[in-house]
Amino acid sequence: MHRILSGLIFVVVGVFTVFEVQAQEVLLPSDSSQQTQTLRYIVGVYGGLGFNLHSASFGQLPGVPSCCDQYKDATSVGPAFGLMGEFPLSKNLRLQTRLGYASLSGTLTRTETIGNEPVLDDGPVPTPVRRNINVEHSIKASLPMAVFEPTLSYRLLDFFWISAGARVGFLLSKEYEQKEVLFNPDGYVFTSGSAIRNVSAGPIPDAKSLQMHGVLGLGYELLTRSNISIIPEVRYYLPFTNIGSVDWNVQGFQIGLTLRYGIYSPIDPTIKRDTIIKRDTTVVQKPGLRTDIVRLDDKSYDDESRTEGDFEYYTTTITEHYIRETPRPFAPIVGVKIIAEGSVNGDAAGQQLRIEELDVLENYPLLPQIFFSDNSSSLDSTTQMLTDLEQARDFRSKDLTRNQIDVYRNVLNVIGYRMKSDPKPTITVTGCTNNADAEQNNTELAKRRAESVKNYLVDVWGIDPSRVNTTHRLLPTSPANPATLDGKQENSRAEISTSDVALLEPVEFRDKDLIVKPPKFKIVPNIEEGRDITDYDLTLKQKSVELIKVHEKGQPETVKWNADQDGTRPKNDAPIIANLTVHNEIGQSASATDTLMVDYATVQLMKMSTEGGKMIERYSLIVFDFNSAQLNASNQRVMQRIKERIQPESKVKILGYADRQGNPEYNRTLARKRCVEAQRVLGLADDRVTIEPVGNDRLLFDNDLPEGRSYSRTVQIEIETPVR
């Protein structure tokens, strides 16, 4: 060890003599045209030798047989190396962090004289005798560790740095080897026939993986004329933790070098400015003025710059343009038209808006599958709308909104309401898992999911427990693709089945919809001599109801109006009036109006006329299984009802959809198969039906949700029937 220490001192002294020392907080430019740079942070590597001082006061490791009376101190040498980063906090104070490798490995030995010990001589015939012997006890410990070492460094005398902080080490190995060797007198062995006994090896009992040390260090910074610096250093490590549960710790000294690279950035230059101002004026007339007004109309800047060393010189030329306004009358020519989008030449003459009422019957299928979050059996992890006892008493299916996802989120409430209304039907709840990761082979989770659904129906809706049967399995009978995340989400579910198909019938809504023809208009202003306009108001009214109200600065612009949108849709047959009013800056105004007639045709009026009314019926089939075009049994009642609703004069459209999984071309083919299957079951000839295979070109619902993907695997059937 003394030879190693002497060698390191020789290397350190040699390095001191090689490099020319220069203050390196700033990098001075090599000529006056370059900028001075300041230190931002430092990165580098370090390496050296660690000298470990083992301090021990124990006779044996816990649970490890040993005859040693007490181990004492020992020394060892090990490498230390790693990466470092350093951040200046002030001129003389820096924060340094190190991440690297160090070793606490070493061997504890203890020599002991044992009197009157039974031993064997090594003659031709081993003879047992008793005599005094000398033995050596040893424990060889392998204790390499990864270290994290944050310290604060303070500068002394320009180039000396004193460091203090902590070292947190994580032991990568905690192995030991123990033995007791009889070394004197020669020619004798233990009664076992060997000169070695109490041999054992393995993990150190009760070893502490986390080793904490306080750190004190001293280094000397050697700088070059570049960004590179070297610091010879010595560090002392004061132990805060023992190796294990016995009295054994390791303090250390480390001698080494740190090779560092400084990251610099230029200082902010000192800016010197020179300004030149140019002005000109334009005279214009403006209405409503009583006196001339001079105002700044435009101001531009032209900067020229040059950099010399730490100075940046700017010459700024400011050009100002002023307008002198003199009085002039306010007399704009104002016009406005309500024009249907797509009308020829923008001609509004003779245009009118027609609104037709339609009787609409829509059904929203129930998806009897409750999707749980990964590894959860709580209904709170689902998207179901959970009610309490009081809310359940007031629940009605007809009060739900015309929204498929809203209907799905009330599946349990709809089923609970129907079972409470009809005491006969029973259901079976089958709990399933995605059978992957945390849910793999987890039948207990599947069972809990089924029980969660049953408990909700029993506790909130008061359903007799005997009417809700539960079972469980791993994957569902018809699983989604278990290899994808979407598939795993869809397989983490509970399925509800029943022999009473009426219990899972779709939720039906009957309402009135409006068809607006044409649906889109634009309100087009026509302004002449309007350069003095400062702001305008544009309104679109039907009687006292405002459909559009716009107040904007500047010249009037075309405003678009969607007449088929809630909030802007006309309510009756009263004419619609567009009013445009423009203002100048002193409040003078000019206005124009235009009128659009409304033909509002109610269902009753159309029935009385020769054109007749229309009944629109929309049906969505209960969702298809993943990657399937086969109609399942739960759709039969729906399909039978659809067949009964189709009249000889009805127009039928079948639209097929798919979820986002798979490529678009394949999904369009799958959607077509679903449409054709629905057409076949309805028994419709090709000339009586329009098929539109959308696939996943247009997603019906949010496909980030498993229910959204499931409801996207569907066929929508629309029946338009004249009513007279």
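Above this text sits the structure in question.
Presented here is an overview of the structure given in this document. Once a new chain begins, its residue numbering starts again from 1 and follows that chain's sequence as written. Per-residue local features are limited, in this predicted model, to residues with pLDDT of at least 70; the limit for side-chain atom pairs, both in listing and counting, is 80 or more; totals at the level of whole chains, interfaces and linings are taken over all residues. As a convention, hydrogens and water are excluded, and side-chain values are obtained from all of the structure's heavy atoms.

Looking at the overall build of the protein
Counted only if it meets this: The helix and strand labels rest on DSSP assignments: H or I over at least four residues marks a helix, E over at least two residues marks a strand, and numbering proceeds from the N terminus. The criterion used for residue contact is that any of the two residues' heavy atoms lie within 4.5 Å.
Along the protein, the regular secondary structure elements total 10 helices and 35 strands. Relative to all contacts within the protein whose residues are 6 or more apart in sequence, the contacts with residues 24 or more apart total 75%.

A closer look at the sheet that holds strand β26 (residues 520–528)
Across a sheet, paired strands are connected by hydrogen bonds in the backbone, their directions being either parallel or antiparallel. Inclusion rule: Should DSSP find at least two bridges between two strands, the strands are regarded as paired. Here an angle of 0 to 180 degrees is reported between the N-to-C directions of two axes, which are lines fitted to C-alpha atoms, with helices fitted over the stretch in contact.
Taken in spatial order, the three strands of this open sheet run β19-β26-β29, and their pairing is antiparallel. Each end of this open sheet is capped by a strand with a single partner; those strands are β19 (333–340) and β29 (559–562). Within the sheet, the average angular offset between the axes of one strand and its neighbour, ignoring direction, is 20°. Bridging between β26 and β29 involves four bridges; their strand directions are antiparallel. Each bridged residue has a counterpart across the sheet, and for F521 the counterpart in β29 is W561.

Some remarks on the layout of surface pockets
What counts, and what does not: Cavity: a set of points on a 1 Å grid over the protein atoms alone where a 1.4 Å probe fits but cannot get out. Pocket: an open set with protein on both sides within 12 Å along at least five of seven lines, its lining residues, like those of a cavity, having an atom within 4 Å of a point. Grid points are joined across faces, edges and corners, and a volume is the space filled by probe spheres set on the points.
If you add up the space inside the second largest pocket, you get close to 400 Å³. Elements represented by at least two residues in the lining of the second largest pocket include exactly β20 (352–364), β32 (613–620), β33 (651–657) and β35 (715–723).

As for empty space enclosed by the protein
Operational definition: Polar here means any residue other than Ala, Val, Leu, Ile, Met, Phe, Trp, Tyr, Cys and Pro, which are nonpolar, and Asp, Glu, Lys and Arg, which are charged; Gly is therefore polar.
In the structure shown here, the tally under the stated rule is three cavities of 30 Å³ or more. The space that makes up the largest cavity amounts to roughly 120 Å³. Q96, W161, S163, I231 and E233 are, among the 16 residues lining the largest cavity, the residues nearest its centre. Of all the elements in the fold, those that place two or more residues in the lining of the largest cavity are β4 (93–103), β8 (160–171), β12 (210–220), β14 (228–239) and β15 (248–266). The biggest single contributor to the lining of the largest cavity is β14, with four residues. Among the residues making up the lining of the largest cavity, the classes are represented as four nonpolar, six polar and six charged. Roughly 70 Å³ of internal volume is contained in the second largest cavity. Around the second largest cavity, the lining comprises 14 residues; the ones closest to its centre are G50, N52, S103, R167 and Q254. Contributions of two or more residues to the lining of the second largest cavity are made by β2 (37–56), β3 (74–88), β4 and β15.

As for the packing of helix α8 (residues 636–645) against helix α9 (residues 664–682)
Working note: a packed helix pair is described by the angle between its axes plus the distance between those axes. Note the cut-off: Crossings are classed by handedness, with left-handed meaning an anticlockwise turn of the near helix from the far one by less than a right angle and right-handed meaning a clockwise turn.
Interaxial distance between α8 and α9 falls to 10 Å at its minimum, and their mutual angle equals 65°. Helix-helix and strand crossings are classified by hand; for α8 and α9 the assignment is right-handed. For the pair formed by α8 and α9, the contact residues are M639, I642 and K643 on the first element and A678, V681 and L682 on the second.

Some details on the environment of I370
Where we set the bar: Each residue is assigned to one of three classes by its accessible area relative to the maximum for its type, calculated with a 1.4 Å probe on protein chains only: buried under 20%, partly exposed between the two thresholds, exposed over 50%.
Mapped onto the elements of the fold, I370 is located in strand β21 (residues 369–371). Given a relative accessible area of 0%, I370 falls into the buried group. Along the backbone, I370 and V429 are 59 residues apart, and their C-alpha atoms lie at a distance of 10.0 Å. Excluding anything up to four places from it in sequence, I370 contacts L379, T382, Q384, Y408, V411, L412, V453, S492, R493, A494 and I496.

Quick look at the packing of aromatic side chains
To keep things clear, this is the line we draw: The criterion for an aromatic pair is that two Phe, Tyr or Trp rings (for Trp, the six-membered ring) have centres within 6.5 Å, with stacked assigned to planes under 30 degrees apart, edge-to-face to planes over 60 apart and tilted to the rest. Ring-over charges, as used throughout, are those where CZ of Arg or NZ of Lys falls within 6 Å of the ring centre and within 35 degrees of the ring normal.
This structure, assessed with the given rule, holds 15 aromatic pairs. Where F395 meets W461, the ring centres are 5.7 Å apart and the plane angle is 85°; that geometry is what we call edge-to-face. Within this pair, whereas F395 is found in the loop between α2 (389–394) and α3 (404–408), its partner W461 is found in the loop between α5 (443–459) and β23 (468–472), the two being separated by 66 residues in sequence. The pair formed by F395 and W461 is uniform in burial state, with each residue classed as buried. Judged by centre distance (6.0 Å) and plane angle (75°), the rings of Y408 and Y711 are edge-to-face. With Y408 in helix α3 and Y711 in helix α10 (residues 706–712), the pair connects residues that are 303 residues apart, well separated along the chain. Classification of Y408 as buried rests on a relative accessible area of 1%. An aromatic cluster of three or more residues is present, and its members are F371, Y408, F701 and Y711. In this structure, R131 packs its charged tip against the face of Y188, placed 4.9 Å from the ring centre. Over the ring of Y237 we find R167; its NZ or CZ atom is 4.0 Å from the centre of that ring.

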